[in-house]
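An overview of the molecular structure
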Amino acid sequence: HKQDTAAAHGEALGVEEVRLTKEGMDWPVSPSFHIPEEALEHFRRAVTRGSAAQVEWESRFKAFAKDYPDLAAEFHRVIGRHLPEGWDSDLPAFAPADGPMATRVASGKVIEILGSRLPEMMGGSADLAPSTHTKIDGAGNFEPEDWAGRNMHFGIRENAMGAILNGMALHRGLIPYGGTFFVFCDYMRPPMRLAAMNALPVVYIFTHDSIGMGEDGPTHQPVEQLIGLRSIPGMVVLRPADANETVAAWRVAIGRKQGPVALVLTRQGLPVLDLKSYPAILEGAPLGGYILADPPATERPDIILIATGSEVHLALEGRDRLLTEGVQARVVSMPSTNLFAAQSDDYREKILPTGVPLMVIEAGSPLGWQSFVGPRIAVIGIDTFGSSAPGAVVMEHYGFTVENVCRQAHHVLDQLKEKAACA
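These numbers were taken from a predicted model, which means no experiment stands behind them. (Residues numbered from 1 in each chain as written. Predicted model: local features only at pLDDT ≥ 70, side-chain atom pairs only at ≥ 80, totals over all residues. Heavy atoms only, no water.)

With that settled, the discussion passes to the overall build of the protein. Across its full length, the protein holds 17 helices and 11 strands. The dimensions of the protein, computed from C-alpha atoms along their principal axes, are 85 × 60 × 45 Å. Relative to its full complement of 423 residues, the protein shows a buried share of 48%. Of the contacts formed within the protein by residues at least 6 apart in sequence, a portion of 73% connects residues at least 24 apart. Split by element, the accessible area of the protein, about 21200 Å² in all, is 56% carbon and sulfur. For the protein, the separation between the mean place of its 37 positive charges and that of its 51 negative charges on side chains is 4 Å. (Helix = DSSP H or I, 4+ residues; strand = E, 2+ residues; numbered from the N terminus. Buried < 20%, exposed > 50% of the residue type's maximum accessible area, 1.4 Å probe, protein only. Contact = heavy atoms within 4.5 Å. Areas by Shrake-Rupley, 256 points an atom, 1.4 Å probe, with all protein chains shown as cover. Lys, Arg positive; Asp, Glu negative; His and termini not counted. Charge placed at Lys NZ, Arg CZ, Asp CG, Glu CD.)

Structure representation (structure tokens):
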């Protein structure tokens, strides 16, 4: 009676429906579970066939290892997900003279080096390689007639790309990655969620990360995607501030063996932070959040500016302006809220001391920040869709300016003074 109804999908069949099903298939009607003899015989063949295939494979690999011991050792290394010694030793350290540089471009330079150092690294994009900078030059294309190629052309189908990357990770022996514009991660959400659920080490490269990408307008300008990905259990999202933080983000992505990593990168060029002036980048970025710049005159700042990605530079400019206005501001770069939340209470208290007001600057939905660090936080964010105009114009229109950062910081401090006076 449940046949051809929704009840056959959403409810247990029950004793009567099981009886009717068996009668309809001309099977014996009995309480026990019936397996037709011919079906059992067919499935049992897989045991014999699989055993024979296993013996044959092991014999062939033993002969292969004898003739090619280095390649056999390499095979065991990649299947075991072990990285070679010094795999990241020659990753670049960028200087201000190299900028301005989009973080997607810096990521592409890292992929070039990693691709030559890690033969197991394999991936591509949803037909956006020139824009996402995801191609490994000289590695060939993976095609029906060339299985040795490592650049994959997934087609304009992000959902399928995500599923393929999951299969590659489950097989092991590969470091799979896939790229597209950040706003299109929504098409890939189901396989990304499965990657996180199964702790699969997949790397996602998302470019054109905010309203700063410009003229393509609100359909291509991500707003809610950052909070959406951050909320997936087991997903690590990194939005680096410059080329050097991008290198650090890739170190995290390659070194992470459990769970997916999303790198969220800019289209527009950004200044390169000088490692001599900001040495905390190398050790701080992998921790998710760190002190990039502190006030010169005091150990305890008046306010802390937390920023991610391209807005870190805005925070630094705001800090300098606030200093001339008598406000001591700390700048915390937070490329990954997921990684920062995983740090010890002592570390997080060191970065964000209790009692110091906080202000976040991020070109995305403000949702999530209050719950992350409590009610003492103000957010310069975006709670509408974007607009079509040059990136710099759009950013200014939505309040991502030095003037607005300083104005909002003074507003936060004035409110605190009023509360203190009332108390």
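Let us now look at the packing of helix α3 (residues 37-67) against helix α4 (residues 69-79). The geometry of α3 relative to α4 is characterised by a closest axis approach of 5 Å and an angle of 125° between their N-to-C directions. Considering the angle they form, α3 stands oblique to α4. Along the contact surface, α3 presents Trp57, Phe61, Phe64, Ala65, Lys66 and Asp67, while α4 presents Pro69, Leu71, Ala72, Phe75 and His76. In terms of residue class, the contact of α3 with α4 is made up of eight nonpolar, one polar and two charged. (Axes fitted to C-alpha atoms, helices over the stretch in contact; angles between N-to-C directions. Parallel < 35°, antiparallel > 145°, perpendicular 65-115°, else oblique. Nonpolar A, V, L, I, M, F, W, Y, C, P; charged D, E, K, R; others polar.)

Summed over the entire model, instances satisfying the criterion amount to 10 aromatic pairs. Each ring, one from phenylalanine 182 and one from phenylalanine 206, has its centre 5.6 Å from the other, and the planes form 35°; the classification is tilted. Remark: phenylalanine 206 occurs in strand β4 (residues 203-207) and phenylalanine 182 occurs in the loop between β3 (175-181) and α8 (189-197); sequence separation between them is 24 residues. A single burial state applies to phenylalanine 182 and to phenylalanine 206, both of which are buried. On the basis of an interplanar angle of 20° and a centroid distance of 5.7 Å, the ring pair of phenylalanine 184 and tyrosine 187 is categorised as stacked. Phenylalanine 184 gets classed as buried once you look at its relative accessible area, which sits at 16%. (Phe/Tyr/Trp six-rings, centres within 6.5 Å; stacked < 30°, edge-to-face > 60°.)

Sheets are built from strands paired through backbone hydrogen bonds, the pairs being either parallel or antiparallel. What the five strands build is an open sheet, ordered β7-β9-β8-β10-β11; its pairing is mixed. Looking at which strands have only one partner, the edges of the open sheet turn out to be β7 (290-293) and β11 (377-380). Within the sheet, the average angular offset between the axes of one strand and its neighbour, ignoring direction, is 30°. For β7 and strand β9 (residues 329-333), the ladder comprises three bridges, and the chain directions are antiparallel. In the sheet register, tyrosine 290 faces β9, and the bridge partner there is serine 333. Those strands touched by helix α12 (residues 311-324) are β7, β8 (303-307), β9 and β10 (358-361), and its axis lies near 160° from that of β8. (Pairing = 2+ DSSP bridges.)

This paragraph deals with the packing of α12 against helix α17 (residues 402-422). One way to put it is that α12 packs onto α17 with a least axis distance of 9 Å and a crossing angle of 60°. The pairing of α12 with α17 is recorded here as oblique in orientation. Once α12 is placed against α17, the crossing between them reads as right-handed. Each of Leu314, Glu317, Gly318, Arg321 and Leu322 in α12 lies in contact with α17, whose residues at this interface are Val402, Glu403, Val405, Cys406, Ala409 and His410. When the residues that make up the contact of α12 with α17 are grouped by side-chain class, the tally is six nonpolar, two polar and three charged. (Left-handed = near helix turned anticlockwise from the far one by under 90°.)

As a further point, take the side chain of histidine 313. Along the polypeptide, histidine 313 turns up in helix α12. On the accessibility criterion, histidine 313 (9% relative accessible area) is buried. Once you skip the residues sitting within four places of it in the chain, histidine 313 turns out to touch Ala241, Asp242, Leu270, Pro271 and Leu273.

Moving on, we get to the nonpolar core. The biggest cluster of nonpolar side chains holds 51 residues, and the ones touching the most others in it are Ile211, Leu292, Ile303, Ile306, Leu352 and Phe400. Among the elements that take part in this core, α17 stands out by supplying six residues, more than any other. With residues near it in sequence (within four places) discarded, phenylalanine 400 still touches Ile211, Glu311, Leu314, Ile361, Glu362, Ala363, Ile380, Gly381, Ile382 and Met395. (Core = buried A, V, L, I, M, F, W, Y, C linked by side-chain atoms within 4.5 Å.)

To continue, consider unusual backbone geometry. Here the residue pair glycine 99 and proline 100 is connected by a cis peptide bond, since its omega of 0° sits within 30 degrees of zero. Look at aspartate 26: it is not a glycine, yet its phi comes out positive at around 60°. By the secondary structure assignment, aspartate 26 is in the loop between α2 (14-24) and α3. Assessed through its relative accessible area of 71%, aspartate 26 is described here as exposed. Within the chain, histidine 133 stands out as a residue other than glycine whose phi angle is a positive 55°. Residue placement: histidine 133 occurs in the loop between α6 (129-132) and β2 (151-153).

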